[in-house]
Amino acid sequence: MSGTGDLLQATRFFVGFLPSFTNLGYLARRSLWQRETWDFSGQNWLISGASTGIGREIARQAAAAGASVLAVARSEDKLAQLAEEAENLPGSIHAIPLDLSLVASTEELISRVLSQRPALNVLVNNVGVLLNTPSTTAEGLDTGFATNLLNPWLLTTQACQRGLLTDDASVIHMSSGGMYNVPLSVPALESHENYQGALAYAYHKRAQVELNAYLRRTEGGRRQHYVMHPGWVDTPGVETSLPDFHRVLKPLLRNAPAGADTALWLAAHRPDQRAPEGIWFDRALRSSHALPGSRQGDDLEALLAHLETRGHISGAEQAAFA
C-alpha cells in the first residue's frame, strides 16, 4: 500500500471506529446488559502480561471471583504488589516473573511451572508490546513478533498438546482493533524496513486472529478458543507507545475494567462460537474484516511454517537463557 493509501486507510479506521471503540460505545452497549456477578471458584487461570493495564484487571477480577491465578509478566515488583493486593480476595494470585519475549522463558513456563500445577481452566494470552523503534531479542527474534505472536502461540499449542489445559478450558487471545487495517502478511511480521510500530503491531494481531480460527477448526474437543479486542483503553502501554493518540483521546478512552469485561464474560459464559472466524468485542462476535484489502494476503500455511521455523532455538541457546 502506498503512503497515501496508508493515510487514507488510517483516517477511515480512526473516524469510522472512534464512536464504537471508545468509552462511548462501551457505555451504550453496557446499558443493555444484565448485571451479573462472576463466579470462578475452583478454577485455575493463567494470565500473561498481568502486571499492568487490562491483564492486571483481569487477574484481579478473576481472583475476586474465586479463581487461583498465575500472573505472568516481566516486572517482579509489580507482580508482587498485585499478589499482595489480592491476599484478602476469595481467590489468589501467584506471581510468575518471566520475560515472554523469549522462547526459553515460554518453555520454562510450560515445563517448570505448568507441568507442576493443576490443569488450567482459563488461559488468557494478554501479553503484548507496541514498540516505537525496532528491537531484537537475545534469541535473535523481532521483539514485537516474539512477544505478541510467537510465544503466545507456543504457549497455547504446547499447553494443548501436553495436557496442561482441562478438556473444557477456555483460551482467550487479546487482540487489537488495529488488525482491521491490514491483511495477513508473513514478511511484515518481523520486518524492520521503514518500521512503524503501530503497523507492525497490527500485522501481529491480524495473524493472531487467523491462528485462532485455525485452532477452532483443528483443536477439537470441548475447549473454546476465542480472540477478542478490548476497544481503545487507557493503559500505561498506550500512554507510552502512542503518546499523541493517548493525549488527544484520553477523555474518551475506556478504563481497565471496561477493557477486561469481554475476557471475563467469555470465561464465565463460554459461548458456543459455531463459525471459526470472527473476533469478540463488547460481548458479541463480530466480523474480523471491516476495511478494504484485509482479506488479501498470505495464506495460513505460510504463517504456520514461519512460526514452526522461528519457534525452534538450539539447546545451547535455551540453556543460555534458562
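Residues numbered from 1 in each chain as written. Predicted model: local features only at pLDDT ≥ 70, side-chain atom pairs only at ≥ 80, totals over all residues. Heavy atoms only, no water.

A.B. asks: Explain the nonpolar core to me, please; I cannot follow it from the model alone.
C.D. replies: Among soluble globular proteins, nonpolar side chains are generally buried collectively. Grouped together as the largest cluster of nonpolar side chains are 34 residues, with contacts concentrated most on F40, W45, I47, I58, V69, I93 and I172. Broken down by secondary-structure element, the contributors of at least two residues to this core are β1 (44–48), α3 (53–64), β2 (68–73), α4 (76–85), β4 (120–125), β5 (165–174), β6 (224–228) and α10 (256–269). Ranked by the residues each element gives to this core, the list is headed by α10, at six residues. Once residues within four sequence positions are removed from consideration, I47 is found in contact with G55, I58, A59, V69, L70, A71, V72 and V124. By size, the runner-up hydrophobic cluster in this structure holds 22 residues, among which are A146, W153, V186 and L304. (Core = buried A, V, L, I, M, F, W, Y, C linked by side-chain atoms within 4.5 Å. Buried < 20%, exposed > 50% of the residue type's maximum accessible area, 1.4 Å probe, protein only. Helix = DSSP H or I, 4+ residues; strand = E, 2+ residues; numbered from the N terminus. Contact = heavy atoms within 4.5 Å.)

A.B. asks: Help me understand the packing of α3 against α10 in this model?
C.D. replies: Where α3 contacts α10, the axes come no closer than 8 Å and their chain directions differ by 60°. With respect to α10, the element α3 is oriented oblique. By crossing handedness, the relation of α3 to α10 is classed as right-handed. Contact residues: G53, I54, E57, I58, Q61 and A62 in α3; A256, P257, G259, A260, A263 and L264 in α10. Among the residues forming the contact of α3 with α10, the class breakdown is eight nonpolar, three polar and one charged. (Axes fitted to C-alpha atoms, helices over the stretch in contact; angles between N-to-C directions. Parallel < 35°, antiparallel > 145°, perpendicular 65-115°, else oblique. Left-handed = near helix turned anticlockwise from the far one by under 90°. Nonpolar A, V, L, I, M, F, W, Y, C, P; charged D, E, K, R; others polar.)

A.B. asks: I would appreciate a short explanation of unusual backbone geometry in the present structure.
C.D. replies: Glycine aside, the phi torsion of most residues is negative, and most peptide linkages are trans. For R270, which is not glycine, the phi torsion reads 45° and is therefore positive. Examined against the element boundaries, R270 turns out to sit in the loop between α10 and β7 (279–281). In this structure, R283 is a non-glycine residue whose phi angle is positive, near 65°. Among the secondary structure elements, R283 is positioned in the loop between β7 and β8 (284–286). Note on R283: relative accessible area 15%, which makes it buried.

A.B. asks: Just to check I follow, could you spell out the pattern of salt bridges for this structure?
C.D. replies: Pairs can form between side chains of opposite charge whenever their charged atoms are close. The full count for this structure, using the stated rule, is 14 salt bridges. Among the ionic pairs, E85 bridges to R56, the shortest N-O distance being 2.7 Å. Taken together, the positions of E85 in helix α4 and R56 in helix α3 put the pair 29 residues apart, joining distant regions of the chain. In this structure, R247 and D244 form a salt bridge, with 3.6 Å as the shortest nitrogen-oxygen distance. Placement of the pair is R247 and D244 together in helix α9 (residues 243–249), with a separation of three residues, close to one helical turn. A relative accessible area of 57% means that R247 is categorised as exposed. Residues participating in the shared-partner salt-bridge network are R29, R254 and D282. (Salt bridge = Lys/Arg side-chain N within 4 Å of Asp/Glu carboxyl O.)

A.B. asks: For this particular structure, what's the right way to read the pairing of β2?
C.D. replies: Looking down a regular strand, the side chains alternate between one sheet face and the other. Extensive coverage of β2 is indicated by the burial of five of its six residues. Here β1 runs beside β2; their pairing, made up of five bridges, is parallel. Each bridged residue has a counterpart across the sheet, and for I47 the counterpart in β2 is A71. Summarising the sheet, β2 and strand β3 (residues 92–97) pair through six bridges and their orientation is parallel. Bridge pairing in β3 places V72 opposite I96. Of the crossover connections in this fold, the one passing from β2 over α4 to the parallel β3 is right-handed. (Pairing = 2+ DSSP bridges. Right-handed = clockwise from strand over helix to strand, strands pointing away.)

A.B. asks: Is there a simple way to explain the pairing of β1 in this structure?
C.D. replies: Judged by how many residues are buried, β1 sits mostly within the fold: five of five residues are covered. Side chains N44, L46 and S48 of β1 all project onto a buried face; the interleaved residues W45 and I47 project onto the opposite face, where all are buried too. At this point the chain moves from β1, through α3, to the parallel β2, and the crossover so formed is right-handed. Summarising the sheet, β1 and β4 pair through three bridges and their orientation is parallel. Within β4, the position partnered with L46 by the bridge is L123.

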